[in-house]
Amino acid sequence: MFTVAPVTPINGEAALSLVAAKSHLRVTTSDEDTLIATYRDAALEMIERYCGVSLVPRQWRIEADSFAAFTISLVRPITAIVSVSTTDAAGVPTALASSAWRLSQGRLLPAFGTTWPYASSVSVVVTAGYAAIPAPLLAAALLTMGNLYANRESVVIGQSAI
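Residues numbered from 1 in each chain as written. Predicted model: local features only at pLDDT ≥ 70, side-chain atom pairs only at ≥ 80, totals over all residues. Heavy atoms only, no water.

Q: Explain the packing of aromatic side chains to me, please; I cannot follow it from the model alone.
A: By convention here, two paired aromatic rings are described through the distance between centres and the angle between planes. Scanning the entire structure with this criterion turns up zero aromatic pairs. Just above the ring of F112 sits the side chain of R102; from NZ or CZ to the centre is 3.7 Å. The lysine or arginine in question, R152, covers the ring of Y149, its NZ or CZ lying 4.5 Å from the ring centre. (Phe/Tyr/Trp six-rings, centres within 6.5 Å; stacked < 30°, edge-to-face > 60°. Lys NZ or Arg CZ within 6 Å of the ring centre and 35° of its normal.)

Q: How do you make sense of the sheet that holds strand β1 (residues 2–6) when you look at a structure like this?
A: Across a sheet, paired strands are connected by hydrogen bonds in the backbone, their directions being either parallel or antiparallel. In spatial order, the strands read β1-β2-β7-β3-β4; together these five strands make up an open sheet with antiparallel pairing. The outermost strands of the open sheet, each flanked by one partner alone, are β1 and β4 (93–95). Along the sheet, successive strands turn relative to each other by an average axial angle of 20°, direction set aside. The sheet contact formed by β1 and strand β2 (residues 58–64) spans five bridges and is antiparallel. By the bridge assignment, A5 is partnered in β2 with R61. (Pairing = 2+ DSSP bridges. Helix = DSSP H or I, 4+ residues; strand = E, 2+ residues; numbered from the N terminus. Axes fitted to C-alpha atoms, helices over the stretch in contact; angles between N-to-C directions.)

Shown next, in the form of structure tokens:
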């Protein structure tokens, strides 16, 4: 079993400025700035979850039952591994030294010539995120934000409001 969760919240302004969001929505007043920022952040998080990416650099915690099932490709692009820790069957946590593991093509691997220790659970904190968000992902976020803004009420697929 895997769990992937951000350690730090998304910085929506760094991903998509409020000015750019309002321009996309064709909003010229500041009356709805808070609402637009909320929709922007929600859209960005939806794209991250759907695509398994981190749009802006931030930390993520990935937890697994063991190293045998472990991969860090659930959130990309990985730029650094911050920490790796294990918990043994007795519930004793242990932080692994950085010499015990390596990052190779976005995957966490044991150091050369070693194997993973036995663990009943593994927790890895990584830094992941794009320096510049790819245009298709940004377009998806803009379209999602626009839909949230335009359709503030419940949406039922296949039914008309009329």
